[in-house]
Amino acid sequence: MNFKKTFLPLFNPLSKDNPVIVQVLGICSALAVTAKMEPALVMTISVTAVLALANVIISLMRNTIPSSIRIIVQLVVVAALVVVVDQVLKAWNYEISKALSVFIGLIITNCIIMGRLEAFALNNRPWPAFLDGIGNGIGYGIILVIVSFFRELFGSGTLFGCQVFPQWWYDAGYQNNGMMILPPMALIVTACIIWAHRSFNKDLQE
Amino acid sequence: MKGLKRNIDKIKPHFEKGGKLSKLHSVFDGFYTFLFTPNETSRSGVHIHDGNDSKRTMITVVIALLPCCLFGMWNIGLQHFMATGNPDREFFTLFFYGFFAVLPQILTAYIVGLVIEFIVAQMRGHEIQEGFLVSGILIPMICPVDTPCWMLAIAVAFAVIFAKEVFGGTGHNFLNVALVTRAFLFFSYPSKMSGDNVFVKLGGTPAVDSYSGATPLGQLASSTEGAVTITDVIGNPLSCSDIFFGLYPGSWGETSTLCILIGAAILLLTGIANWRIILSALVGGFCMAAVAHNWASPLYPVSYLAPLTQLSLGGFLFAIVFMATDPVTACRTNPGKYIYGFLIGMTAIIIRIYNTGYPEGAMLSVLLMNCFAPLIDYCVVNMNIRRRMRRITVKNQ
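A few points about the overall build of chain B
Line of reasoning, step 1. Across its full length, chain B carries 16 helices and zero strands.
Line of reasoning, step 2. Here the C-alpha atoms of chain B give a radius of gyration of 23 Å, agreeing with the 21 Å that 2.2 N^0.38 yields for 397 residues.
Line of reasoning, step 3. Expressed as a percentage of its 397 residues, the buried residues of chain B come to 50%.
Line of reasoning, step 4. Across chain B, contacts joining residues at least 24 apart in sequence account for 71% of those joining residues at least 6 apart.

Have a look at this one:
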């Protein structure tokens, strides 16, 4: 059985077809939630869950949705899932849900979700659609985690809230880089990742 | 000098194509042309108006910066000894105090910037460009004297890589490298770039009782009760001549209006800076300052300054003479230059007066207009095309 072909939707979005750095989708939330690692991780899990489930549901309904109203149907499905995720977060991890504030609600507008529903779920069977959702969610998450690693390390000197840089660095005159906390630096770190990624994958260079 | 030349000529073949060190050709070429006039001439075409290459242009700008630079060093010493209570030192004590205070910063800026330039030039096989000669001296001059060297090194590396090299090196940057460095420092380490404690070097010695290290604009921005008189570091009010000569704390290159005017004269006489930009920026700044002064309000205390004082305080003049005129990042078309300069002057004063969070707006306004310069040029060129098209159609009818 061609194992590779079955799991292509799962592994392809991790690097070669990464939603953030190759398809350039979901940049907005990549800027907004990456100042600290913990929210970035929670955001990754939320987006992966929503994306995988939405992909499966839309894929199951793909033959019954009239083409003219498909966007509305997709929105309804995604919105319902986002509300569920939001409620779960509020119930189990209120602090993080406060830190992510409006961005959980804005998963609805995350271009990755609409993009994958339109491009993949509408013309594939549920199982590949599910794998595609998981793959794209993780691909999105990898970038979020890398960006938030650098931003939290250099912006706050911490990782997952634990102090990494020793106190004597600060006594010797070291200061956290305030710009790392600001959104522009997320763009620049993302650009650096794209730079490194493209120099390893020559076929992606334009 | 002749011996040096003979020795260098002896090792030259190693660096030519096919030589064993040919990979380092651009490094050799960079040093060679830095030391001697290049003796290569163009072989075809007669397009050259003047032998003025970018190396000579850059050196002229450095010369124009020298008055500000030397005065700034002396002023650092003056502020230091005034703040610590013995202002009656002789000239050279003051000057060398400032000289040794800024020397590490100048060296840091040059070494970090040039090392990156050399590495990138080697990687791409380009010749080494001289663009950093000016940026390297400008960067320390627009930063507070107490900026730690490691911050400067990070900021210079960031600016050279992300504002210049990724866009293709010298001549391809759309933002002014020195100002990107300063903006990076300003947003990354605000506690070291603004406030009352960074613009006067105390060097560990305790200050006199009435000491305040705030810059004039800083004093105004943080004042609460309407018009205040601006004072020097020990609390005496500043006179107009003090402001003109620059005897107050600030980023050390930018305080002296007189030295900046000398620099401007050098740049204008040699034709390196464009008078349109400087003139229109002055007009823009003056108009905005006059408007704000006319409707001065206690909410925005900086608006009480008279327009001319407004222009000669802070980094405004320095930014428009040495940074707005940077030919790479400014507008190319002549009408565009007027618009570009005017908007720089206007936005600098608007930010300075109406955004009390930023006591000085020159840096932000030049960076902002750098971003708009290509758009302004585009509009000017298209207007011209449309006007001439209309002339043709009218004639043909």
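On we go.
Overview of the pattern of salt bridges
All names here are of chain A.
Line of reasoning, step 1. Tallied over the entire structure, the rule returns eight salt bridges over all chains.
Line of reasoning, step 2. Linking Asp86 and Lys90 is a salt bridge whose minimum nitrogen-to-oxygen distance equals 3.6 Å. With Asp86 and Lys90 both in helix 5 (residues 70–92) and four residues apart, this pair spans about one turn of that helix.

Let's talk about the interface of chain B and chain A
Line of reasoning, step 1. Between chain B and chain A, the contact holds twelve residues from the first and twelve residues from the second.
Line of reasoning, step 2. At the junction of chain B and chain A, the tally comes to zero salt bridges.
Line of reasoning, step 3. Our count for the chain B to chain A interface comes out at four residue pairs in polar contact (both at pLDDT 80 or more).
Line of reasoning, step 4. Residue assignment for the side of chain B that touches chain A shows that the elements contributing at least two residues are helix 6 (149–164), helix 7 (177–188) and helix 8 (190–193) of chain B.

As for a nonpolar patch on the surface
Line of reasoning, step 1. On the surface, Ile138, Ile142, Ile146, Phe149, Phe150 and Phe154 of chain A cluster together into a nonpolar patch covering about 440 Å² of accessible area.
Line of reasoning, step 2. As for its position among the elements, Ile146 of chain A is in helix 9 (residues 126–156).

Section: helix 15 (residues 334–354) of chain B
Residues and elements named next belong to chain B.
Line of reasoning, step 1. Here helix 15 contains 21 residues, and its C-alpha end-to-end distance of 30 Å stays within 8% of the 30 Å for a straight helix at 1.5 Å per residue.
Line of reasoning, step 2. Listing the buried residues of helix 15 in full gives Gly336, Lys337, Tyr340, Gly341, Ile344, Gly345, Thr347, Ala348, Ile349, Ile351, Arg352 and Ile353.
Line of reasoning, step 3. Contacts from the buried residues of helix 15 go to helix 9 (216–222), helix 12 (275–294), helix 13 (307–312), helix 14 (316–323) and helix 16 (362–396).

What about the environment of Ala292 of chain B?
Residue and element names in this part refer to chain B.
Line of reasoning, step 1. Along the chain, Ala292 turns up in helix 12.
Line of reasoning, step 2. Distance from Ala292 to Ser303, taken between C-alpha atoms, is 5.5 Å for residues eleven residues apart in sequence.
Line of reasoning, step 3. If near-sequence neighbours (up to four positions away) are discounted, Ala292 is found in contact with Ser303, Ile353 and Tyr354.

Thoughts on the packing of helix 12 (residues 183–200) of chain A against helix 6 of chain B
A packed helix pair is summarised by two numbers, namely the angle formed by the two axes and the spacing between the axes.
Line of reasoning, step 1. For the pair helix 12 of chain A and helix 6 of chain B, interaxial distance at closest approach is 13 Å and the crossing angle is 65 degrees. Compared by their axis directions, helix 12 of chain A and helix 6 of chain B come out roughly perpendicular. Two packed elements cross with a definite hand, and for helix 12 of chain A against helix 6 of chain B that hand is left-handed. For the pair formed by helix 12 of chain A and helix 6 of chain B, the contact residues are Met185, Ile188, Cys192 and Trp195 of chain A on the first element and Phe158, Ile161 and Phe162 of chain B on the second.
Line of reasoning, step 2. Looking at the contact of helix 12 of chain A with helix 6 of chain B residue by residue, the classes come out as seven nonpolar, no polar and no charged.

A short note on helix 4 (residues 91–124) of chain B
Each turn of an α-helix holds 3.6 residues, which means side chains three or four residues apart point in the same direction.
Residue and element names in this part refer to chain B.
Line of reasoning, step 1. Over its 34 residues, helix 4 runs 48 Å from end to end, which matches the ideal 50 Å to within 8%, given 1.5 Å per residue.
Line of reasoning, step 2. Helix geometry: helix 4 is bent most strongly at Val102, by close to 35 degrees, with proline Pro104 lying one to four residues after it.
Line of reasoning, step 3. Downstream of helix 4 by a residue or two, Gly125 has a phi angle that is positive, lying close to 70 degrees.

Brief notes about the domain arrangement of chain B
Residue and element names in this part refer to chain B.
Line of reasoning, step 1. Considered domain by domain, chain B is made up of domain 1 (2–35) and domain 2 (55–206 + 214–383).
Line of reasoning, step 2. A C-alpha centroid distance of 37 Å is found between domain 1 and domain 2.
Line of reasoning, step 3. Taken residue by residue, the interface counts nine residues in domain 1 and eight residues in domain 2.
Line of reasoning, step 4. For the interface between domain 1 and domain 2, the tally reads zero salt bridges.
Line of reasoning, step 5. Looking at the side of domain 1 that touches domain 2, its residues break down into four nonpolar, three polar and two charged.

Reading the values: the criteria
- Residues numbered from 1 in each chain as written.
- Chains lettered and ligands numbered in written order.
- Predicted model: local features only at pLDDT ≥ 70, side-chain atom pairs only at ≥ 80, totals over all residues.
- Heavy atoms only, no water.
- Helix = DSSP H or I, 4+ residues; strand = E, 2+ residues; numbered from the N terminus.
- Rg over C-alpha atoms; globule rule 2.2 N^0.38 Å.
- Buried < 20%, exposed > 50% of the residue type's maximum accessible area, 1.4 Å probe, protein only.
- Contact = heavy atoms within 4.5 Å.
- Salt bridge = Lys/Arg side-chain N within 4 Å of Asp/Glu carboxyl O.
- Polar contact = N/O pair within 3.5 Å; in protein donor to acceptor, adjacent residues only side chain to side chain.
- Patch = residues over 30% accessible without salt bridge, like charges linked within 9 Å, V, L, I, M, F, W, Y side chains within 5 Å.
- Areas by Shrake-Rupley, 256 points an atom, 1.4 Å probe, with all protein chains shown as cover.
- Expected span 1.5 Å × (residues − 1).
- Axes fitted to C-alpha atoms, helices over the stretch in contact; angles between N-to-C directions.
- Parallel < 35°, antiparallel > 145°, perpendicular 65-115°, else oblique.
- Left-handed = near helix turned anticlockwise from the far one by under 90°.
- Nonpolar A, V, L, I, M, F, W, Y, C, P; charged D, E, K, R; others polar.
- Bend = angle between axes of the 7 residues up to and from the residue.
- Domains from an automatic or database assignment.

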